[in-house]
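# Architecture at a glance
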Amino acid sequence: MLNIDLHCHSTVSDGLLTPTQLVEHAAARGVEVLALTDHDDIGGLEEARKAADKNGVLFIDGVEISVSWRGQTVHIVGLGIDPADPQLVEGLSTIRQGRTMRARNIAAQLDKFGIHGSFEGARRNAGNGLIGRMHFARFLVEQGYAKDVRTVFKKYLVKGKPGYAPHQWVSLSEAVNWIRSSGGRAVIAHPGRYKLGKDALEELLLEFQTLGGEAIEVVTGSHTFEQSLLFANHSRRLGLLASRGSDFHGPGESYFDLGGMPPLPANCAPVWHDWPGLM
Ligand code: AMP
Ligand code: MN
Ligand code: MN
Ligand code: MN
């Protein structure tokens, strides 16, 4: 079986490894095809591609775009995008500006609960990369508020808990259009993670497909085994392609290591079915 991992993060967004370290880790784990999909940023692709060439890994340019759909955050992965596409570059840059504003709002919310200095702490954890909730989560762990980031997200940073700041991301159609017009394929990331009823989920899938979206993640660190079977069925039923990605953020922080997920269930049409040199 081809070991392909089409979803992971570097220090450019909220991962713990630099793009080079990530690719070296992937190669050491036997990953043959890798897409780097940082949140709202493509700044790591060039470095990752160089490292992939050196390590004999086939590299796919990717991104994970933050979208608001009916008041919920939905993530759209783009695969095979053109990192030089001006519309994509500009759109992602606008999202990142919004992230900095949201980070100020998150810090202000935490201040109200007596947790101070979180903006600076998150900024420090983010290094030169964009600021996300993961950087706040790591700050809260450092400060002893929780034992690990998983626990942080149960007690902080989510709706109804300290440190939550609502935010408007881009629309589903913008994200799909940017990906498609830069030559990429749009994929709904971890569909099983969204708190949508059956009807709303179906509407999301159909709207995405109408907009030109082509695939859903079937095997991901966010899905149980049962969910991967469920979404394999959805992909077959709707004629959507199926993707496989770990959503790896770093050693000890993710459910699956790079490439360490189960294969796609049988009868799924892989999102890479027509990529040259694979299959
Ligand atoms: P953001 O895009 O800044 O809102 O942050 C979203 C990121 O936070 C996700 O990509 C994960 O890295 C992390 N995250 C969200 N929820 C959880 C959770 N329950 N456990 C661990 N990490 C989470
Ligand atoms: Mn993340
Ligand atoms: Mn995601
Ligand atoms: Mn991700």
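Here's what I pulled together on the structure shown here. Only a predicted model underlies this, so the values are computations on that prediction, with no experimental measurement involved. (Residues numbered from 1 in each chain as written. Chains lettered and ligands numbered in written order. Predicted model: local features only at pLDDT ≥ 70, side-chain atom pairs only at ≥ 80, totals over all residues. Heavy atoms only, no water.)

### Brief notes about the coordination of the manganese ion (ligand 3)
Rule in force here: Each metal's donors are the N, O and S atoms within 2.8 Å of it, or within 3.2 Å when it is Na, K or Ca, and because water is not part of the set, sites may look incomplete. Numbering of helices and strands runs from the N terminus, with a helix taken as a DSSP run of H or I at least four residues long and a strand as a DSSP run of E at least two residues long.
Only Glu64 (OE), His75 (ND1) and His190 (NE2) from the protein coordinate the manganese ion (ligand 3), and they sit 2.1 to 2.2 Å from it. Taken in sequence order, the residues that donate to the manganese ion (ligand 3) follow the motif E-x10-H-x114-H. Taken as an interatomic distance, the gap from the manganese ion (ligand 3) to the manganese ion (ligand 2) is 5.7 Å. On the criterion of sequence distance, the pair formed by Glu64 in strand E3 (residues 58–69) and His190 in the loop between strand E5 (185–188) and helix H8 (198–210) is long-range, its members being 126 residues apart.

### Some points on the site of ligand 1
What counts here: A molecule or strand has a residue near it when one of that residue's heavy atoms lies within 4 Å. Here a polar contact means two N or O atoms within 3.5 Å. Within protein one must be a hydrogen donor candidate and the other an acceptor candidate, and residues neighboring in sequence count only if both atoms are side-chain atoms. Each accessible area is a Shrake-Rupley estimate made with a 1.4 Å probe; only the visible protein chains count as cover when residues are assessed. Amino acids outside the nonpolar list (Ala, Val, Leu, Ile, Met, Phe, Trp, Tyr, Cys, Pro) and the charged list (Asp, Glu, Lys, Arg) are all regarded as polar, and Gly is one of them.
Looking at ligand 1, the residues that line it are Asp14, His39, Arg99, Arg102, Gly132, Arg133, Met134, Phe153 and His249. In the environment of ligand 1, an oxygen atom lies 2.6 Å from a nitrogen or oxygen atom belonging to the side chain of Arg102. In this structure, an oxygen atom belonging to ligand 1 sits 2.8 Å away from a side-chain N or O atom of Arg133. The fraction of the free accessible surface of ligand 1 (500 Å²) that becomes covered by protein chains is 80%. Across the shell around ligand 1, the residue classes tally to two nonpolar, three polar and four charged.

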